[in-house]
Amino acid sequence: MNGTARKLFAALLLAVALVGAPAAYAEPMKCSGEEKACLTNCKKAARVAVSVCATGCGTRLSYCLKTGCWDNGTQRYCGLNKS
């Protein structure tokens with residue numbers, strides 16, 4: 001085999017190995033997980049009453065379940081699993 005044929009053969013072997021390898025996907029982020037994080041942050045922050053903060057988390061969860069986007073007031077990110 002010449003150099004070009006070896007490179008093509010190696011690329012083919014790599015492609016076959018990657019296709020056969022199991023995919024490692026991260027668990028998709030969920031709206032419910034964001035709500036839990038929000039509630040945890042409510043308990044840590046003393047500047048706002050926990051009940052007011054928790055109500056805000058519930059409102060954000062409702063929005064997230066409808067749109068798939070979480071908006072924490074300073075940052076908005078989308079593509080969340082609506083569960």
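Residues numbered from 1 in each chain as written. Predicted model: local features only at pLDDT ≥ 70, side-chain atom pairs only at ≥ 80, totals over all residues. Heavy atoms only, no water.

> Quick question: what am I supposed to make of the state of the cysteines here?
Among covalent bonds in proteins, the disulfide is the one between the sulfur atoms of two cysteines. Considering all chains together, one arrives at four disulfides under this definition. A sulfur-sulfur distance of 1.9 Å marks the disulfide that ties Cys42 to Cys53. Around the S-S axis, the bridge from Cys42 to Cys53 shows a dihedral of about -80 degrees and counts as left-handed. Residue Cys42 is located in helix α2 (residues 31–44), and its partner Cys53 is located in helix α3 (residues 50–67); the two are separated by eleven residues in the primary sequence. (Disulfide = S-S within 2.5 Å. Helix = DSSP H or I, 4+ residues; strand = E, 2+ residues; numbered from the N terminus.)

> I tried to follow the nonpolar core on my own but got confused; where do I start?
A general feature of soluble globular proteins is that nonpolar side chains tend to end up buried together. Grouped together as the largest cluster of nonpolar side chains are eight residues: Cys31, Cys38, Cys42, Cys57, Leu61, Cys64, Trp70 and Leu80. Each residue touching Cys64, except ones within four places of it in the same chain, is listed here: Cys31, Cys69, Trp70, Leu80 and Lys82. (Core = buried A, V, L, I, M, F, W, Y, C linked by side-chain atoms within 4.5 Å. Buried < 20%, exposed > 50% of the residue type's maximum accessible area, 1.4 Å probe, protein only. Contact = heavy atoms within 4.5 Å.)

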